[in-house]
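As a plain string of letters, each chain reads:
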Amino acid sequence: MSQAIIEARDLSLGFSRRKVLDGMNAAFQKGEWAVIAGRNGAGKSTLLRLLAGVLLPDAGDVVRSPEASTAKIGFISDRLSLFEDWTIERAVGFHCRVFAIREFDDGLVRRLGIGTKSRIRSLSAGERAILHLSLVLAQKPALLLVDEVLHMLDPYIRDLFVDALIEAIAVRETAVLTVNHAFSEIERLPDRVLVMDDGRFVIDETPEALRGLMKKVVSREALPNGVPCFFKKTEGEYKEYYVYPFHEKLRGEQALDFQDVALPEIVKAFIGGGYEQKRMA
Amino acid sequence: MSRKEWREVLGQCLVFVILLAGIALLIGGIDLVQGLPFESEKFVIMLSLWLLSGSLFLGLSPFALDGKQRGLEYLLTLPLSRRRLLLIKFLPRLAVIVIFYLAFAFLYGLIGNDALGGSYTLFSLAYFALFFISFSLSVVHENFIVQFIWAGIAMAGYLPLCLFSVMRGFAWKFKVPVSWVGFGIWHDLTYDLPTLAVSIAVFILMAVPFVASLFMAFAKFDLKPARAFNRRQLLVFAPLLLAAFAISLGLTYFVQGRSAHWDSQFTILKDRRLLEAGFPGKLDVHDANGRHRTDTRLAAFWDRRPLLADRDHVYLHGYDTKDGSQFIGSLNLADLSWKELHRSPHGYAVSSDSQEFYYDGECFVYLRRTRVGAGRPGRDYAQAAGGDILELVRVDPASGKSRTNAFRHPQFRRQQKSFFIGGDEREGLHFWLIVRQWQNVLRLWEDGRVEDLGASKGLAIYAGGMLFTRGDGSLRIRRLLAAGSEAVKEIAGSFSLINHPSFFAIENARPDEIYAVRDKRIVCIDLATLAVDDVAPARGHIWMLPSGDFYFVEFQSWPALPSDQWKKLYRLKDGKLVLLKRFDFADAGYGNIRIDAHGVILTQWRKENKNEMSGTMRFFAFPDLKELRFKKLD
């Protein structure tokens, strides 16, 4: 296993009396694309902010490898935080000065046809996202943290955005960590899928492993004992049972039609299961 | 990053200055429409308030704009440590605060305004403290108004703590209860160097916990709600504040409690005795047999010199620290009994500086405000009905009875120190001459008339019925008549009439000549012929005594150096220098000479170590300048 570019060790963080993260551990490798999913309030954005350094943990540490210094971490938050009154030109100039960037590639911005004299306030969410991505890519980042931005983008901009991320991984072995709810467009891209619930990871697998571990059974009847059901959905007379963890020997033991499930549906099932378990508790 | 901060701060300043100019123009315009003259006091007070609000705003603003622009999160991703980030926010603001302050100080000096009086020091300290405190609260809350309220609360705690420490020190110094020391005495505290030094130190020390706690807590500043950060800052702030307060009190005690109490004032009396006027309200007469003490039972300190010392009595002016009033009293030199003759209540003084008295041969004379103006600060006083009236009080030394004459003049609206430069009479009617700081010479007639005698660059002299004023490159001489005045002569040259401001008037005497400095040389002006004769190079100070006698103290180096070994005392008489005595300091330390009516007081300062000086005093009586020695004189 390659060396971790960044590592969360026993991270804990609370807001007022609410504990958002409680002893969280995770490590991310150079050149990997990890996607974090989870229900609202699970702590995904908090984790990204901790890794980016805009939040500081109550306990635990964020350990960065030497190549992932602050200047080499790019963070695009869901708030798309930039100085809104500034023009693009001023924002680029400022960013390049502070990060000691010699060359700024404005290709992405130009492709959207945005004038450099435009104020950031006047940009659409997609345009701001592209501008922000251009800025952080100019840092030649070792780690890119992107928080729930993709779903805001129209298909064209989303392609631009994702292509730029892929290029960063390919050219510089940048580790990319994104928080996503919508997987349909990037289903085949991530190397690793993590699902968070209550401030900890309940799933941390490759997409292939995850597909193998979760199957769906559609039936009018209840599932027999011995078949682990993580989440159940009712569609009219039929019920959809999400079986997790699935083992191949279940096919021989049970006369059930175990269907493959797409990644977005797997994530959705985990999130739904999380809600369900919480309700029952 | 710092360029961004400079840009933002300068932008804020520009808006600030434009607003200020707008308001100044508005106020000036209103005055112009109403036909009122430009009042620098009004401008200075407005400017000082403006600066206070500016320091508050600049202090609170560092993160407000970032938050408003939704850039705070981005700011925290920059490759800067938290403390460096804070420093980048702090330094441009501090620089602007200092520049504004220096500009104000320059303007204040230029206008020569007394509107703030002794409160200038308090203003300065509050101005910087307000900046530091508001800066320390710049992340206390996301809402600017809430920040503003917190800054107000913090200042309301900070100022009384500082003032308490200073007043406590004053009480230690003079061994009086703190209750004697009111806020009003602040004006006087600031004229005392140890107290001023302590005040500045206390104000800085007490501001340190605010800024230090921010810098210390800021290492963990992040996007969490402000409450979490405030808790962290408070945990650092509380012990720091306690420590700062304890150190402040310790320092106050160390400097004030250990500093010699208010220096005693010494006067050589006619019969070669020595009067020591000390705090609080103690009068000691020293002679060859020892010390004879009179306790006036007053918590007072005394003016530098007696108002008058005749054969039987010494008349003194004092300041009562209990109620801030000023009084005149007499010490009977035969039985050493004390008698209070006159008292002027607190708030009647014409300026925040010390009161000036004049003995006109019959009475002690001083100026004071009227009842309506008493206790009002500069602008209020100027605007009050009757704010252009001053009263001249004449106190009879024998009976203590006083008479009052009221005078009205537009210049009296300004709260400025007034110097008496002479008094006389014409056709049975008394008049007194006064010079107000930066303004014209005025003749106040006994019947209430005020006559403007024109401007003088620097203090003027009245002698031989003539007024000597400085013009541009000349000395103007005018004879004062019963009705108006007539120009007598104008002598070319750069004159300095009083080059050692100890006495401002020749009282009840008719000298034949006066002495001045022209183009760095002492000259004698004959009052009969008005001929000007060169005497000697002016490498020292000319002393003019109320008796009309002139002396000259020659310095070994001019300007003087602390390494000087001697000074020479000359009498100036008949256009000549007559050497009276050479004072050798040798290894006894640098010496200061003070000349009084009946002798010379030499204070020698010796450097004990790097920070401490010790002073010894020696007394020499006229006419032979024999040294006087007294028992029980520390």
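Residues numbered from 1 in each chain as written. Chains lettered and ligands numbered in written order. Predicted model: local features only at pLDDT ≥ 70, side-chain atom pairs only at ≥ 80, totals over all residues. Heavy atoms only, no water.

## Overview of a negative patch on the surface
Thinking step 1. On the surface, Asp105(A), Asp159(A), Asp163(A) and Glu167(A) cluster together to form a negatively charged patch.
Thinking step 2. Within the secondary structure layout, Asp163(A) lies in helix H5 (residues 155–172). (Patch = residues over 30% accessible without salt bridge, like charges linked within 9 Å, V, L, I, M, F, W, Y side chains within 5 Å. Areas by Shrake-Rupley, 256 points an atom, 1.4 Å probe, with all protein chains shown as cover. Salt bridge = Lys/Arg side-chain N within 4 Å of Asp/Glu carboxyl O. Lys, Arg positive; Asp, Glu negative; His and termini not counted. Charge placed at Lys NZ, Arg CZ, Asp CG, Glu CD. Helix = DSSP H or I, 4+ residues; strand = E, 2+ residues; numbered from the N terminus.)

## What about the interface of chain A and chain B?
Where the parts come together, the accessible area they lose is often given as the size of the interface.
Thinking step 1. Across the contact, 29 residues belong to chain A and 24 residues belong to chain B.
Thinking step 2. Of all residues in chain A, Val54(A), Leu56(A) and Phe83(A) give up the largest surface area on contact with chain B, accounting jointly for 24% of the area buried on that side.
Thinking step 3. The interface formed by chain A and chain B contains 4 salt bridges.
Thinking step 4. Note that Glu73(B) and Arg79(A) form a salt bridge whose closest N and O atoms lie 3.9 Å from each other.
Thinking step 5. Across the contact surface, chain A and chain B share 13 residue pairs in polar contact (both at pLDDT 80 or more).
Thinking step 6. Of all elements in the fold, only strand E1 (4–15), helix H2 (88–98) and helix H4 (125–138) of chain A reach the threshold of two or more residues within the side of chain A that touches chain B.
Thinking step 7. For the side of chain A that touches chain B, the element with the most residues is H2(A), which contributes 5 residues. (Contact = heavy atoms within 4.5 Å. Buried area = accessible area lost by both parts, 1.4 Å probe. Polar contact = N/O pair within 3.5 Å; in protein donor to acceptor, adjacent residues only side chain to side chain.)

## What about the sheet that holds strand E2 (residues 18–29) of chain A?
Two strands in a sheet stick together by hydrogen bonds in their backbones, pointing the same way (parallel) or opposite ways (antiparallel).
Residue and element names in this part refer to chain A.
Thinking step 1. The strand order across the open sheet built from 3 strands is E2-E1-E4, with neighbouring strands paired in antiparallel fashion. The sheet terminates laterally at E2 and strand E4 (59–64), the two strands that pair on one side only. When the angles between neighbouring strand axes are averaged without regard to direction, this sheet yields 15°.
Thinking step 2. Pairing of E1 with E4 involves 5 bridges; the strand directions are antiparallel. Its bridge partner being in E4, Ile6 is matched across the sheet by Arg64.
Thinking step 3. In this fold helix H1 (residues 44–52) packs onto E1, E2 and E4, with an angle of close to 120° to the strand it touches most, E1. (Pairing = 2+ DSSP bridges. Axes fitted to C-alpha atoms, helices over the stretch in contact; angles between N-to-C directions.)

## What to know about the confidence of the model for chain B
All names here are of chain B.
Thinking step 1. Here chain B shows a mean pLDDT of 85. Residues at 70 or above account for 89%.
Thinking step 2. By mean pLDDT, helix H8 (residues 186–189) is the weakest element of chain B at 55, and strand E24 (residues 521–526) is the strongest at 95.
Thinking step 3. Quick note on the complex model: pTM equals 0.62, ipTM equals 0.90. (pLDDT = per-residue confidence, 0-100.)

## Here's the deal with a nonpolar patch on the surface
Thinking step 1. A cluster of nonpolar side chains, contributed by Ile145(B), Phe148(B), Ile149(B), Trp150(B) and Ile153(B), occupies part of the molecular surface with about 520 Å² of accessible area.
Thinking step 2. Take Ile149(B): it is sitting in helix H7 (residues 144–174).

## A few points about H5(A)
Residue and element names in this part refer to chain A.
Thinking step 1. The terminal C-alpha atoms of H5, which comprises 18 residues, lie 25 Å apart, in line with the 26 Å expected from a rise of 1.5 Å per residue.
Thinking step 2. The complete set of buried residues in H5 reads Ile157, Arg158, Leu160, Phe161, Val162, Ala164, Leu165, Ala168 and Ile169.
Thinking step 3. Buried residues along H5 sit in contact with strand E3 (33–38), strand E5 (73–76), helix H3 (107–111), H4, strand E6 (143–147) and strand E7 (175–179).
Thinking step 4. By the N-cap criterion, in which a side-chain oxygen at the helix start approaches the backbone nitrogen of a residue two or three places on, H5 is capped by Asp154, the distance to Tyr156 being 3.0 Å. (Expected span 1.5 Å × (residues − 1). Buried < 20%, exposed > 50% of the residue type's maximum accessible area, 1.4 Å probe, protein only.)

## Focus: the packing of aromatic side chains
Thinking step 1. Evaluation of the coordinates by the stated rule reveals 51 aromatic pairs over all chains.
Thinking step 2. Measuring from centroid to centroid gives 5.0 Å for Trp86(A) and Phe94(A), while their planes differ by 80°, and the two rings are edge-to-face.
Thinking step 3. Classification of Trp86(A) by relative accessible area gives buried; the value is 3%.
Thinking step 4. Where Tyr158(B) meets Phe210(B), the ring centres are 6.0 Å apart and the plane angle is 80°; that geometry is what we call edge-to-face. With Tyr158(B) in helix H7 and Phe210(B) in helix H9 (residues 193–218), this residue pair connects regions lying 52 residues apart in the sequence. No difference in accessibility class separates Tyr158(B) from Phe210(B), as the two residues are buried.
Thinking step 5. Of the aromatic side chains, those joined through ring pairs into one cluster are Phe90(B), Phe131(B), Phe132(B), Phe135(B) and Phe215(B). (Phe/Tyr/Trp six-rings, centres within 6.5 Å; stacked < 30°, edge-to-face > 60°.)

## Focus: the pairing of strand E8 (residues 192–197) of chain A
Regular strands show a simple pattern: their side chains alternate between the two faces of the sheet.
Residues and elements named next belong to chain A.
Thinking step 1. The buried fraction of E8 is high, at 6 of 6 residues.
Thinking step 2. Of the two faces of E8, both are covered, the one formed by Arg192, Leu194 and Met196 as well as the one formed by Val193, Val195 and Asp197.
Thinking step 3. Relative to E8, E3 runs parallel, the two sharing 5 bridges. Looking across to E8, one finds that Val35 is bridged to Val193.

## Some words on the confidence of the model for chain A
Thinking step 1. Of the residues in chain A, 96% reach a pLDDT of 70 or more, and the chain-wide mean stands at 88.
Thinking step 2. The secondary structure element of chain A with the lowest average pLDDT is helix H8 (residues 263–280) of chain A, at 78, and the one with the highest is E5(A), at 95.

## Some details on the pattern of salt bridges
All names here are of chain A.
Thinking step 1. Here the structure, examined in full by the defined rule, presents 51 salt bridges over all chains.
Thinking step 2. Here Lys215 ties to Asp260 by a salt bridge, and the two come within 2.3 Å at their closest N and O atoms. Here Lys215, found in strand E10 (residues 215–219), pairs with Asp260, found in strand E13 (residues 259–260); they are 45 residues apart in sequence, far enough to count as distant.
Thinking step 3. Since its relative accessible area comes to 6%, Lys215 is described here as buried.

## Things to note about the packing of H2(A) against H4(A)
All names here are of chain A.
Thinking step 1. Direction vectors running N to C along H2 and H4 enclose 20°, while the axes themselves pass 10 Å from each other. Comparing the axis directions of H2 and H4 gives the class roughly parallel. In terms of crossing hand, the pair formed by H2 and H4 is right-handed. Where H2 approaches H4, its residues Ile88, Ala91, Val92 and His95 are matched on the opposing element by Leu131, Leu135 and Val136. (Parallel < 35°, antiparallel > 145°, perpendicular 65-115°, else oblique. Left-handed = near helix turned anticlockwise from the far one by under 90°.)

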